[in-house]
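Chain residues, written in single-letter form:
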Amino acid sequence: MEQNKTTEARTEATQWSGRWKLLAVVFVCAAPMLFSYLTYYVIKPTGRTNYGTLIEPQKHPIPAALGATTLDGKPAALDAYKGKWIMLQVGPGECPQACRDQLVAMRQLRLMQGKEMERIERVWLVTDASPIDTMLMRVVDGTHMLRVPAANVAAWLPLEPGGKVEDHTYLIDPMGHLMMRFPKQPDPSKVKKDMYKVLKASAIG
């Protein structure tokens, strides 16, 4: 009887030891991500300002049912680009001049990050079935283009009061959470500084 109790105690101790080791491994893996969020959202050094509007990331993850497709109608997913920072623009396929300017600005802002630019993806969510101008596609080569129902996008992306979703460029973190919105007709130099700060503070992506 005593031997059985001893065996059970050893088994339980072994199980607890295994659980603690597993928790330690999980903590080590998650530490860079946790530190990044702590640095950017909790620790706020004196004098630090953001040009873009910070958005609480847990409230706006990439929706599972966004309904995205490629330009030729094949199923696609925005979260396929998780693991990197995503600069996001939304708008109709006809893409008026303001839309074109934003797409070009995203390309330039990525280039401005120098060696860090490989951590950034550019995505344009096209909200209708209009064809995309071939010349525009060449100019913004490297931008991922997905068609997404306008209603799904509107239900996901937060706006400035009185604003429209196509007015803004958004930033999504490598975990797939929306975390920043830039204003209409943004100042590229100020967006560049925000991007630099985010990438510097982050140990992920």
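Residues numbered from 1 in each chain as written. Predicted model: local features only at pLDDT ≥ 70, side-chain atom pairs only at ≥ 80, totals over all residues. Heavy atoms only, no water.

Going by an unreviewed UniProt entry, the protein chain carries the name Cytochrome C oxidase subunit I and comes from Massilia genomosp. 1.

## Here we look at the sheet that holds strand β5 (residues 169-172)
Here we have six strands laid out as an open sheet, ordered β1-β6-β5-β2-β3-β4, and mixed in their pairing. The open sheet has two edge strands with one neighbour each: β1 (53-54) and β4 (144-147). Where strand β2 (residues 85-91) meets β5, four bridges bridge the pair, whose relative direction is antiparallel. Bridge pairing links I86 to I172 in β5. The sheet contacts of helix α5 (residues 188-201) involve β2, β3 (120-126), β5 and β6 (178-182), and relative to β6 the element is tilted by about 165 degrees. (Pairing = 2+ DSSP bridges. Helix = DSSP H or I, 4+ residues; strand = E, 2+ residues; numbered from the N terminus. Contact = heavy atoms within 4.5 Å. Axes fitted to C-alpha atoms, helices over the stretch in contact; angles between N-to-C directions.)

## Brief notes about the state of the cysteines
Two cysteines form a disulfide when their sulfur atoms are joined by a covalent bond. Overall, the coordinates contain one disulfide when judged by the stated rule. Put simply, C95 and C99 are joined by a disulfide, and their sulfur atoms are 2.0 Å apart. Here the disulfide of C95 and C99 is left-handed, its torsion about the S-S bond being about -95 degrees. (Disulfide = S-S within 2.5 Å.)

## Side note on unusual backbone geometry
A positive phi angle is found at C95, which is not glycine, with a value near 45 degrees. With respect to the element layout, C95 can be found in the loop between β2 and α2 (97-112). Among the residues examined, C95 registers a relative accessible area of 1% and is labelled buried. With phi around 45 degrees, Q185 is a residue other than glycine that occupies positive phi space. Within the secondary structure, Q185 is located in the loop between β6 and α5. (Buried < 20%, exposed > 50% of the residue type's maximum accessible area, 1.4 Å probe, protein only.)

## With respect to the pairing of β2
Most of β2 sits inside the fold, with seven of its seven residues counted as buried. As paired strands, β2 and β3 are joined by seven bridges and run parallel to one another. Looking across to β3, one finds that M87 is bridged to R122. Remark: the β2/α2/β3 crossover connection has right-handed handedness. (Right-handed = clockwise from strand over helix to strand, strands pointing away.)

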